[in-house]
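The residues making up each chain are set out below.
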Amino acid sequence: MFNLDSKLVETCTIYPTTPNRYGDLVYGTGVSYPCLYRDISLVNQTDYQENITIDGIFWFRADTVVEKGDVISFSGEYYAVEKVTRAKRLLIFAQNSFIKCEVTRQKQIS
């Protein structure tokens, strides 16, 4: 079976986010996970002509807890998760092999 664990040589912190009553994002407690990050630049075009520029891709183990909208801290930068893809080796296997996240760079105001 395909195993991505040997390639996950970097570490990042994932912060779950929830909106407060004013609409601001509130970060939850961050959890560190092994990952693999690649810096890229892609433009995804949706059905309504909205362009989303993807700045990078993170790969994680299948048991990593990550959802769209979460914030990832990696190497002094912050990234918002735009899309989460759970990959399976074959359709006949029920379990995920790894998780791929498309992300955009975020500016943080303290």
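These lines cover the structure that appears in this document, whether it is placed above or below. Fair warning: this is a prediction, and the values are worked out from it, not measured in the lab.

How each quantity is defined
- Residues numbered from 1 in each chain as written.
- Predicted model: local features only at pLDDT ≥ 70, side-chain atom pairs only at ≥ 80, totals over all residues.
- Heavy atoms only, no water.
- Helix = DSSP H or I, 4+ residues; strand = E, 2+ residues; numbered from the N terminus.
- Buried < 20%, exposed > 50% of the residue type's maximum accessible area, 1.4 Å probe, protein only.
- Contact = heavy atoms within 4.5 Å.
- Areas by Shrake-Rupley, 256 points an atom, 1.4 Å probe, with all protein chains shown as cover.
- Phe/Tyr/Trp six-rings, centres within 6.5 Å; stacked < 30°, edge-to-face > 60°.
- Core = buried A, V, L, I, M, F, W, Y, C linked by side-chain atoms within 4.5 Å.
- Pairing = 2+ DSSP bridges.

1. Points about the overall build of the protein
Okay, step 1: Within the protein, the secondary structure is distributed over 0 helices and 8 strands.
Okay, step 2: Put simply, the protein runs from its N terminus to its C terminus through helices and strands in the order β-β-β-β-β-β-β-β.
Okay, step 3: Sorting the 110 residues of the protein into buried and exposed places 31% on the buried side.
Okay, step 4: When contacts within the protein are restricted to residue pairs at least 6 apart in sequence, long-range pairs at least 24 apart make up 50% of them.
Okay, step 5: Surface exposure of the protein reaches about 7,500 Å², of which carbon and sulfur atoms provide 50%.

2. A closer look at the packing of aromatic side chains
Okay, step 1: For the structure shown, the criterion picks out 7 aromatic pairs.
Okay, step 2: A centroid spacing of 5.6 Å and a plane angle of 90° characterise the contact between Phe 58 and Phe 74, whose relative ring orientation is edge-to-face. Linking Phe 58 in strand S5 (residues 51-61) with Phe 74 in strand S6 (residues 71-74), this pair joins segments that are 16 residues apart in sequence. Comparing Phe 58 with Phe 74 shows no difference in burial state: the two are buried.
Okay, step 3: Plain terms: the ring middles of Phe 58 and Tyr 79 are 5.6 Å apart, the flat faces sit at 70° to each other, and that makes the pair edge-to-face.

3. Comments concerning the nonpolar core
Okay, step 1: In terms of nonpolar packing, the biggest core is built from 15 residues, with Cys 12, Phe 58, Phe 60, Ile 72, Cys 101 and Val 103 touching the most fellow members.
Okay, step 2: When residues of this core are traced back to their parent elements, those giving at least two are strand S1 (10-15), strand S4 (31-45), S5, S6, strand S7 (77-87) and strand S8 (98-106).
Okay, step 3: If near-sequence neighbours (up to four positions away) are discounted, Cys 101 is found in contact with Gly 56, Ile 57, Phe 58, Phe 60, Val 66, Val 81, Lys 83 and Val 84.
Okay, step 4: Ranked by size, the runner-up nonpolar core spans 5 residues in total, among them Leu 4, Leu 8, Leu 36 and Ala 87.

4. A look at unusual backbone geometry
Okay, step 1: Unlike most non-glycine residues, Ser 75 shows phi in positive territory, near 55°.
Okay, step 2: As for its position among the elements, Ser 75 is in the loop between S6 and S7.
Okay, step 3: For Ser 75, a relative accessible area of 66% translates into the label exposed.

5. Regarding the pairing of S6
Okay, step 1: Side chains Val 71 and Ser 73 project from S6 onto one buried face, and the interleaved Ile 72 and Phe 74 project onto a second face that is buried too.
Okay, step 2: Pairing geometry for S1 and S6, over 3 bridges, is antiparallel. Note on S6: the bridge partner recorded for Thr 13 is Ser 73.
Okay, step 3: Across 4 bridges, the pairing between S6 and S7 is antiparallel. If you follow Phe 74 over to S7, its bridge partner there is Glu 77.
Okay, step 4: From the end of S6 to the start of S7, which pair antiparallel, there are 2 residues, and Ser 75 there has a positive phi angle of about 55°.

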